[in-house]
Amino acid sequence: MDIKELEIKLKNIELSFKNELSAIRANRPSPKIVEDVAVEYLGTRMTVKQLGSISVIPPREIQISFWDRESIAPTAKAIEGANLGLSVSVSGNIVRVTLPALSDERRLELVKITKKISEEARIKVRAARDEENRKIDQAEKSKIITKDDQFKFKKKSQELVDKANREIEAQLSLKIKEISE
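Keep in mind that what you see is a predicted model, and the values were worked out from it rather than measured.

As a further point, take the overall build of the protein. When its secondary structure is counted, the protein shows 6 helices and 6 strands. Overall, the protein shows an N-to-C arrangement of helices and strands of α-α-β-β-α-β-β-α-β-β-α-α. Taken over the C-alpha trace, the protein has a radius of gyration of 22 Å; the compact-globule value for 181 residues is 16 Å, which it surpasses by more than 25%. On the principal axes, the C-alpha backbone points of the protein span a range of 70 × 40 × 20 Å. At a minimum sequence separation of 6, the contacts of the protein that also span at least 24 residues come to 65%. Summed over all atoms, the accessible surface of the protein reaches about 10,600 Å², with 53% contributed by carbon and sulfur.

Below, the structure is given as structure tokens:
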């Protein structure tokens with residue numbers, strides 16, 4: 001019996017959760033907000049990150065420098081059309097994306113979305129634990145492991161689940177704090 005598989009699953013769930021949170025706009029700009037916006041360029045769909053370099057200019061601006069001048073107009077149009085609530089301006093080879101200040105209503109909405117995403121992550125963690133517990137029970141029934149080993153493996157899997165849940169909670173708290181700034 002090996003708990004490593006559960007550990008890997010839980011790490012992937014945590015990583016996926018962090019990536020989802022980073023895509024949620026807080027009051028600070030993040031390249032994640034625009035990097036995956038699809039742009040129709042030269043007959044193919046590309047993302048903003050494939051067309052130029054993205055940098056953050058505090059307090060509320062994202063700057064995109066393009067490698068090809070021809071990609072500037074389609075990218076600006078794609079970002080405006082993505083309904084992200086961003087204002088876009090073009091100057092030379094650079095597109096400036098400005099984030100408007102968040103209203104209190106929007107902050108509450110973002111906190112609610114963030115909490116929903118964290119609950120979905122916790123559900124995935126519980127499902128992974130339940131699957132591992134079924135494997136442990138099956139191994140005990142098949143006499144592959146003893147009752148004592150079954151207890152030890154279940155305890156270890158619960159410790160991993162508790163650790164993953166603490167990490168999810170910590171990330172959630174950080175994101176809520178970031179949204180509230």
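Our next topic: helix α6 (residues 147-180). With 34 residues, α6 extends 49 Å from end C-alpha to end C-alpha; this agrees with the ideal 50 Å at 1.5 Å per step. Regarding α6, the residues found buried are Gln150, Phe153, Ser157, Leu160, Val161, Ala164, Ile168, Leu172, Lys175 and Ile179. In this fold, the buried residues of α6 make contact with α1 (4-22) and α5 (104-141).

As a further point, take the pairing of strand β1 (residues 38-41). Burial of the side chains of β1 is restricted to one face: Val39 and Tyr41 are buried, whereas none of Ala38 and Glu40 on the reverse face is. Counted along the chain from β1 to the antiparallel partner strand β2 (residues 44-47), the turn is 2 residues long, and its residue Leu42 has a positive phi close to 55 degrees.

Before going further, it helps to examine the packing of α5 against α6. In contact at an axis separation of 10 Å, α5 and α6 are set at 170 degrees when each is read in the N-to-C sense. Here α5 lies roughly antiparallel to α6, going by the angle between them. In the contact of α5 with α6, the residues fall into 12 nonpolar, 8 polar and 11 charged.

In this section: the environment of Ser22. Within the element layout of this structure, Ser22 appears in helix α1. Separated by 10 residues in the primary sequence, Ser22 and Lys32 have C-alpha atoms spaced 6.5 Å apart. Setting aside anything within four residues of it in sequence, one finds Ser22 in contact with Ser30, Lys32 and Lys175. Polar contacts involving the side chain of Ser22 include one to the main-chain carbonyl oxygen of Asn19, which spans 2.8 Å.

What follows covers the side chain of Ser157. Residue position: Ser157 is located in helix α6. Discounting chain neighbours no more than four positions away, the residues touching Ser157 are Ile3, Leu6, Glu132 and Asn133.

Oppositely charged side chains may form a pair once their charged atoms are brought near each other. Under the defined criterion, the tally for this structure stands at 16 salt bridges. A salt bridge links Arg96 to Glu61; the nearest nitrogen and oxygen atoms lie 3.4 Å apart. Taken as a pair, Arg96 in strand β6 (residues 94-98) and Glu61 in strand β4 (residues 61-66) lie far apart in primary sequence, 35 residues in all. For Glu119, the salt bridge goes to Arg122, with nearest N and O atoms at 3.3 Å. Residue Glu119 and its partner Arg122 are located together in helix α5, separated by 3 residues, close to a single helical turn. Because the salt bridges share partners, they merge into one network encompassing Glu5, Lys9, Glu131 and Lys135.

Parameters and conventions
All residue numbers here refer to positions counted from 1 along the written sequence of the relevant chain. Residue-level local features of this predicted model are given only where pLDDT is at least 70; pairs of side-chain atoms are given and counted only at 80 or more, and the full residue set underlies all totals for whole chains, interfaces and linings. Heavy atoms throughout the structure, all of them, feed into the side-chain values; hydrogens and water do not. Per the convention used, a helix needs a DSSP run of H or I reaching at least four residues, while a strand needs a run of E reaching at least two, with both numbered from the N terminus. Computation of the radius of gyration draws on C-alpha atoms alone. For the globule rule, the value is 2.2 Å times the number of residues to the power 0.38. Here, two residues are considered to be in contact whenever any of their heavy atoms come within 4.5 Å of each other. For the accessible areas, the method is Shrake-Rupley and the probe is 1.4 Å, while residue cover comes only from the protein chains on display. For a helix, the expected span equals 1.5 Å multiplied by the residue count minus one. The buried label goes to any residue with under 20% of its type's maximum accessible area, the exposed label to any with over 50%, and the partly exposed label to all in between, with areas taken from a 1.4 Å probe on protein chains only. Each pair of strands is called paired provided DSSP finds at least two bridges between the two strands. Note on geometry: axes are lines fitted to C-alpha atoms, helical ones only across the stretch in contact, with angles between N-to-C directions running from 0 to 180 degrees. Here is the rule for angles: anything less than 35 degrees is roughly parallel, anything more than 145 is roughly antiparallel, 65 through 115 is roughly perpendicular, and the remaining ranges are oblique. Note on residue classes: Ala, Val, Leu, Ile, Met, Phe, Trp, Tyr, Cys and Pro are nonpolar, Asp, Glu, Lys and Arg are charged, and everything else, Gly too, is polar. Here a polar contact means two N or O atoms within 3.5 Å. Within protein one must be a hydrogen donor candidate and the other an acceptor candidate, and residues neighboring in sequence count only if both atoms are side-chain atoms. One side-chain nitrogen of Lys or Arg within 4 Å of one carboxyl oxygen of Asp or Glu is enough to make a salt bridge.

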